[in-house]
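The residues making up each chain are set out below.
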Amino acid sequence: MRRALPSWALVLSLAMGAGIAACQGCRTPPAATAEDDAAASTQPTLRLYVLSTVAGAIEPCGCTKDQLGGVDHLAALLRNEAGSAPASLVVGAGPMLFSDPSFKKEESAQYDWKAETMAVAAQDIGLVAWAPGANDWAAGPEALGRYVKASGAALLAGNLEGAPSATGVVVREVNGIKVGIVGVSDPRDRMGGGPAGLTAKPAADAVRDGIAEAKKQGARILVGLAAMPRGEALRLADTFPELHVLVVGKPSESGHTNDAPKSPMLVGNTLVVETSNHLQTVGVVDLHVRSRDDGQLVFADAGGVERGEQLISLSERIHDLETRIASWEKGGKVKAEDLAARKADLEKLRAERAKLEEPAPAPKGSFFRYRLVEVREKLGSDPKVQSRLVDYYKRVNDHNRTAFADRKPTPAAEGQASFIGIEACTACHDEERAVWDKTGHAKAYETLEKDFKEFNLDCVSCHVTGYGKPGGSTVTFVEKLKDVQCEECHGPGSLHAKKPDKKGLITLKPDPQSCVSQCHHPPHVENFDPVAKMELILGPGHGKD
């Protein structure tokens, strides 16, 4: 799977708040009681876990440690925090099930099962509702209905006609307070098209109707979900200030590019939240209700939205330095005293961020706090969800092993070189082979086999040689070309093997940038320095004579 991830740092436990109110000019909330004060210092009345544009990212893909993402890690976070906030809801906006709005017919079985896995995992984490994006219809409306049923969540798209699985509003009672959730969607892809059979009416009309229905059912906390361009979503927040929180997700997603988080912001009295895509982060919204009368709820700022940009900028520097230090430690090229100095700089940045993350004292009346939490391995892995992932990979492996058994690579054109495999190269290059055997490239395919991913269409291309190239390998035709061998960097060697003294038949000195263009790009690896990294695969007889 080829993805891209910028070098910015994601925010870890972004503790901030936002002042949100039920409407412009609402009355002053009742004075807090001693009982209210005690409750405010402990558990929130309601915790919202917020997801944006998950897009089928059940787990990250790459060759670096502690990568961002993983639904099993998210599930572990929710389980670990259950004691601090027993009253919680999980909501989302944007595509939930697929990475792209469409896929090839030959990929349908794998991606259908992946969507099923995502849907069932959504039920495991307690997803209540999401506003869908165009990607969610990639397998067709009937399949989407099946995924929605498996998720146990409501598909909220009140402005869409012709979407039988969708509704406009859902109301849930939590901790004695009813929460109304309304959702709208603009399921157009980047080319302006969208799922067949869907007609979108004005989103504002649907939100207005949804809010009215939620209030009719007694909802006092109002949450909006909008899978649409950010500018249009912000206009909704401006139009409907009675929304306490508006969650934004993309109308569609394409590929595996990971986005930076956006700072929370206030539009009038509405807090607008958009987390990073692909489950890199989860927003945590704590609502502390300190008045139980029937009046309009007013949530005051208890953290400081203005610190959002500062925290993101600071966390970017921290993350960048963390990945560089990890690279320097592995490479062994940086002096110990220089490495120690950089680690000291890192600790200073972490201390500065920790100070910014300190929550402000709770204001009088009802209040609101917000965190943006990185989803990482250190959160742990929920066994139940992890088991679902393993079952998915095994199922795909068994299917693709048979389904693509006859798929052979396109033969090289007449007069062009084919891939011959490392054993043929070793006949003349045994010193180079000895160096290669000690590198991670020599065990690339093994890393797939141990996780039941060697026949996975998302994974195999970066773990074999000549994938998809004339005379190279396919998802099953890999016998001589397992692992990242000589020819991945030097080019196919059949002509060179026949005439080793003839120049121009092989790439003698590969361009380090070829490492980046093929596999070693984000999110597989961050801050990858191809020149420095190439040093790690060189040795006597292989670049170091």
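Above this note sits the structure.
Since this is a predicted model, take the numbers as computed values, not measurements.

A. Seen up close, helix 6 (residues 230–239). Among all positions of helix 6, only Ala233, Leu236 and Ala237 are buried. Taken end-on, helix 6 shows its buried residues confined to a sector of 100°, consistent with a single buried face. Of the exposed residues in helix 6, those oriented more than 90 degrees away from the buried face are Arg235 and Asp238.

B. Geometry of the packing of helix 3 (residues 108–125) against helix 4 (residues 141–151). Here helix 3 crosses helix 4 at 30°, and the two axes come no closer than 7 Å. What the angle tells us is that helix 3 and helix 4 run roughly parallel. Of helix 4, the residues touching helix 3 (which contributes Asp112, Ala115, Glu116, Ala119, Val120, Ala122 and Gln123) are Arg146, Tyr147, Ala150 and Ser151. Residues of the contact of helix 3 with helix 4, tallied by class, amount to six nonpolar, two polar and three charged.

C. Up close: the layout of surface pockets. When its volume is computed, the second largest pocket comes out at roughly 990 Å³. Lining the second largest pocket we find 42 residues, and of these Glu432, His490, Thr507, Leu508 and His542 sit closest to its centre. Mapped by element, the contributors of at least two residues to the lining of the second largest pocket are helix 10 (422–426), helix 11 (430–436), helix 13 (486–490), helix 14 (494–498) and helix 16 (530–534). Taken together, the residues of the lining of the second largest pocket break down into 21 nonpolar, 13 polar and eight charged.

D. Broad picture of the nonpolar core. Counting 47 residues, the largest nonpolar core has Leu51, Val71, Leu74, Leu97, Ile125, Trp130 and Val282 as its most contacted members. Looking at this core, the elements with two or more residues in it are strand 2 (46–52), helix 2 (71–81), helix 3, strand 4 (127–131), helix 4, strand 15 (281–288) and helix 9 (383–403). Top element by residues in this core is helix 3. It accounts for nine residues. Residue contacts for Leu97: discarding those within four places in its chain leaves Ala55, Gly56, Ala115, Met118, Ala119, Trp130, Asp136, Leu144 and Tyr147. Residues Leu48, Ile181, Val223 and Val247 belong to the second largest nonpolar core, which totals 33 residues.

E. Seen up close, the pairing of strand 2. Where burial is concerned, most of strand 2 is hidden: seven out of the seven residues are buried. Where burial is concerned, the two faces of strand 2 agree: the one with Leu46, Leu48, Val50 and Ser52 and the one with Arg47, Tyr49 and Leu51 are both buried. As paired elements, strand 2 and strand 15 share five bridges and run antiparallel to each other. In the sheet register, Arg47 faces strand 15, and the bridge partner there is Asp286. Pairing analysis gives six bridges linking strand 2 to strand 3 (residues 88–93), with the strands arranged parallel. Its bridge partner being in strand 3, Tyr49 is matched across the sheet by Val90. Handedness of the crossover joining strand 2 and strand 3 through helix 2 is recorded here as right-handed.

F. A look at the sheet that holds strand 11 (residues 221–227). If you trace the six strands from one edge of the open sheet to the other, you get 8-9-11-12-14-13, paired in mixed fashion. The sheet terminates laterally at strand 8 (169–174) and strand 13 (265–267), the two strands that pair on one side only. Each neighbouring strand pair of the sheet contributes to a mean axis angle of 25°, computed without reference to strand direction. Across seven bridges, strand 9 (residues 177–185) lies against strand 11 in parallel orientation. For Ser185, the partnering residue across the bridge sits in strand 11 and is Ala227. Strands strand 9, strand 11, strand 12 (245–249), strand 13 and strand 14 (270–273) of the sheet are contacted by helix 6, whose axis makes an angle of about 55° with strand 13.

G. Here's a closer look at the side chain of Asp186. Tracing the backbone through its elements, the reader meets Asp186 in the loop between strand 9 and strand 10 (199–200). According to the relative accessible area criterion, Asp186 is buried, its value standing at 9%. Beyond its immediate chain neighbours, meaning those up to four positions away, Asp186 contacts Ala227, Met228, Pro229, Glu232 and Pro251.

H. Structural context of the state of the cysteines. Enumeration over the complete set of coordinates arrives at one disulfide. Note that Cys462 is cross-linked by a disulfide to Cys519, the S-S spacing being 2.2 Å. Around the S-S axis, the bridge from Cys462 to Cys519 shows a dihedral of about -105° and counts as left-handed. One end of the pair, Cys462, is in the loop between helix 12 (444–449) and helix 13; the other, Cys519, is in the loop between helix 15 (513–518) and helix 16, with 57 residues separating them in the sequence. Of the two residues, Cys462 and Cys519, neither departs from the other in class, the shared state being buried. Cys459 takes part in no disulfide bond, and the closest cysteine sulfur to it belongs to Cys61, at a distance of 5.4 Å. In this structure Cys459 comes out as buried when scored by relative accessible area, which is 10%.

I. Main features of the pattern of salt bridges. Scanning the entire structure with this criterion turns up 26 salt bridges. A salt bridge links Glu106 to Arg407; the nearest nitrogen and oxygen atoms lie 2.6 Å apart. Linking Glu106 in the loop between strand 3 and helix 3 with Arg407 in the loop between helix 9 and helix 10, this pair joins segments that are 301 residues apart in sequence. Judged by its relative accessible area of 38%, Glu106 falls in the partly exposed class. By relative accessible area, Arg407 is classed as partly exposed at 30%. When the shortest N-O distance is used, the salt bridge between Lys250 and Asp259 registers 2.5 Å. When sorted by exposure, Lys250 lands in the same class as Asp259, which is buried.

Cut-offs and rules
- Residues numbered from 1 in each chain as written.
- Predicted model: local features only at pLDDT ≥ 70, side-chain atom pairs only at ≥ 80, totals over all residues.
- Heavy atoms only, no water.
- Buried < 20%, exposed > 50% of the residue type's maximum accessible area, 1.4 Å probe, protein only.
- Helix = DSSP H or I, 4+ residues; strand = E, 2+ residues; numbered from the N terminus.
- Arc of directions from axis to C-beta.
- Axes fitted to C-alpha atoms, helices over the stretch in contact; angles between N-to-C directions.
- Parallel < 35°, antiparallel > 145°, perpendicular 65-115°, else oblique.
- Contact = heavy atoms within 4.5 Å.
- Nonpolar A, V, L, I, M, F, W, Y, C, P; charged D, E, K, R; others polar.
- 1 Å grid on protein atoms, 1.4 Å probe; cavity = no way out; pocket = protein on both sides within 12 Å on 5 of 7 lines; lining within 4 Å.
- Points joined across faces, edges and corners; volume = space filled by probe spheres on them.
- Core = buried A, V, L, I, M, F, W, Y, C linked by side-chain atoms within 4.5 Å.
- Pairing = 2+ DSSP bridges.
- Right-handed = clockwise from strand over helix to strand, strands pointing away.
- Disulfide = S-S within 2.5 Å.
- Salt bridge = Lys/Arg side-chain N within 4 Å of Asp/Glu carboxyl O.

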